[in-house]
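# Report on the structure
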Amino acid sequence: MANVNMPVVHAQKPIPPYAKWGRLAVQKTKEKYPKANVIDYLHIGREKKKNTDVEKFKLWLKEGQKEYGVFVFIEFNPKTDRVKNITFIKTSR
């Protein structure tokens, strides 16, 4: 028999370290493709280079009846979080 007086506790998920880069990826993608709506996005991972890191995302966009993907690579200095470069690669899938 369940105790109905037990409080329900919901654990809050921690904010992942890539979240701020994901917001930047969405913002810059909207600027680059202003007629499209971002309908989904996926964090692919982080690549560590010699002096920089690269956060990698794939965004899915819809423009009218057309849908397409855009890979977004944000290269930044991990010590200062200063962005060095943002690269976009549009795909058909």
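Described below are features of the structure shown in this document. (Residues numbered from 1 in each chain as written. Predicted model: local features only at pLDDT ≥ 70, side-chain atom pairs only at ≥ 80, totals over all residues. Heavy atoms only, no water.)

Within the protein, the secondary structure is distributed over one helix and four strands. For the protein, the residues scored as buried account for 26% of the 93 residues in total. Partitioning the contacts of the protein with sequence separation of at least 6, the portion at a separation of at least 24 is 37%. For the protein, the accessible surface area stands at approximately 7300 Å², while carbon and sulfur atoms represent 52% of it. (Helix = DSSP H or I, 4+ residues; strand = E, 2+ residues; numbered from the N terminus. Buried < 20%, exposed > 50% of the residue type's maximum accessible area, 1.4 Å probe, protein only. Contact = heavy atoms within 4.5 Å. Areas by Shrake-Rupley, 256 points an atom, 1.4 Å probe, with all protein chains shown as cover.)

In space, the four strands of this open sheet follow the order β1-β2-β3-β4, with antiparallel pairing throughout. For this open sheet the edge positions go to β1 (37-48) and β4 (83-91), each flanked by a neighbour on one side alone. Pairs of neighbouring strands in the sheet enclose a mean axial angle of 20 degrees, with direction left out of account. Pairing between strand β2 (residues 53-63) and strand β3 (residues 66-76): eleven bridges, direction antiparallel. (Pairing = 2+ DSSP bridges. Axes fitted to C-alpha atoms, helices over the stretch in contact; angles between N-to-C directions.)

By the definition in use, this model includes six salt bridges. One salt bridge in this structure joins Asp 81 and Lys 20, with 2.2 Å as the shortest N-O distance. Pair noted here: Asp 81 is in the loop between β3 and β4 and Lys 20 is in helix α1 (residues 19-32), with a separation of 61 residues, a long-range link. On the basis of relative accessible area, Lys 20 is assigned to the partly exposed category, the value being 37%. Between Lys 56 and Glu 47 there is a salt bridge whose closest N-O contact spans 2.9 Å. Note on Lys 56: relative accessible area 22%, which makes it partly exposed. (Salt bridge = Lys/Arg side-chain N within 4 Å of Asp/Glu carboxyl O.)

It is worth spelling out the packing of aromatic side chains at this point. Within this structure, the stated rule accounts for five aromatic pairs. On the numbers, 5.7 Å between centres and 45 degrees between planes, the contact of Tyr 41 with Phe 57 is tilted. Within this pair, whereas Tyr 41 is found in strand β1, its partner Phe 57 is found in strand β2, the two being separated by 16 residues in sequence. Centre to centre, the rings of Phe 71 and Phe 73 are 6.3 Å apart; their planes meet at 0 degrees, and the pair counts as stacked. You can call Phe 71 partly exposed: its relative accessible area is 23%. (Phe/Tyr/Trp six-rings, centres within 6.5 Å; stacked < 30°, edge-to-face > 60°.)

The next thing to look at is unusual backbone geometry. Peptide bonds are, in most cases, trans, and in most cases residues other than glycine have a negative phi. Positive phi outside glycine occurs at Asp 81, with the angle close to 65 degrees. You can call Asp 81 partly exposed: its relative accessible area is 32%.

Any link to function would need more than the numbers given here.
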